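Summary of structural features
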Amino acid sequence: ISVESLMASNVEQFKDETTPLLVQDCRIVMDMSEVRFVDSSGIGAIITTFKKAQALGGELKICSLTDQVQSIFEMVRINALLEIFATREEALRSFEK
């Protein structure tokens, strides 16, 4: 999914596009370099996706946060729950550990 914001108005699209990725032992990197804003619905969708991936023995990692989204994540402490990486390459390498 390629969006500038993840919020109530497009969270269903996000779910529609991420649900097929949630399979046994999935390894997902969510590149958020284009996302400028996330509201509570968007955060909820990310957390739900993370928990579903975990339930399937998989992993979800986040990378390339914009300054605005990083501030939001820090404010709601989502960064304490999810692994967040500066670059896509770092996130991909973390799966090798």
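Before reading on, note that the structure itself is shown above.
To start, this report covers the structure provided alongside it.

Rules of the game
Residues numbered from 1 in each chain as written. Predicted model: local features only at pLDDT ≥ 70, side-chain atom pairs only at ≥ 80, totals over all residues. Heavy atoms only, no water. Buried < 20%, exposed > 50% of the residue type's maximum accessible area, 1.4 Å probe, protein only. Helix = DSSP H or I, 4+ residues; strand = E, 2+ residues; numbered from the N terminus. Pairing = 2+ DSSP bridges. Arc of directions from axis to C-beta. Contact = heavy atoms within 4.5 Å. Polar contact = N/O pair within 3.5 Å; in protein donor to acceptor, adjacent residues only side chain to side chain.

As a further point, take the pairing of strand 4 (residues 59-63). Counting buried positions along strand 4 yields 4 of 5 residues, so the element is predominantly enclosed. Here strand 2 (residues 27-31) pairs with strand 4 via 5 bridges, running parallel. Of the residues in strand 4, the one forming a bridge with Met30 is Ile62. With 3 bridges connecting them, strand 4 and strand 5 (residues 83-85) associate as parallel partners.

If you check which residues of helix 3 (residues 67-76) are buried, you get Val69, Ile72 and Phe73. The buried residues of helix 3 all sit within an arc of 100° when viewed along its axis, so they share a single face. Residues of helix 3 that are exposed and angled more than 90 degrees away from the buried face: Asp67 and Met75. Check the buried side of helix 3 and you find it contacts strand 3 (37-38), helix 2 (40-55), strand 4 and strand 5. The positive-phi residue at the C-terminal boundary of helix 3 is Arg77, with phi of around 65°.

Of all the residues in helix 1 (residues 11-18), the buried ones are Val11, Phe14 and Thr18. Along the axis of helix 1, the buried positions cluster into a sector of 55°, meaning they face one direction only. For helix 1, the elements touching its buried residues are strand 1 (5-6), strand 2 and helix 2.

What follows concerns the side chain of Asn10. By secondary structure assignment, the location of Asn10 is in the loop between strand 1 and helix 1. Here Met7 takes part through its backbone nitrogen, which lies 2.8 Å from a polar atom of the side chain of Asn10. With residues up to four places along the chain from it excluded, the contact list for Asn10 reads Val3 and Ser5.

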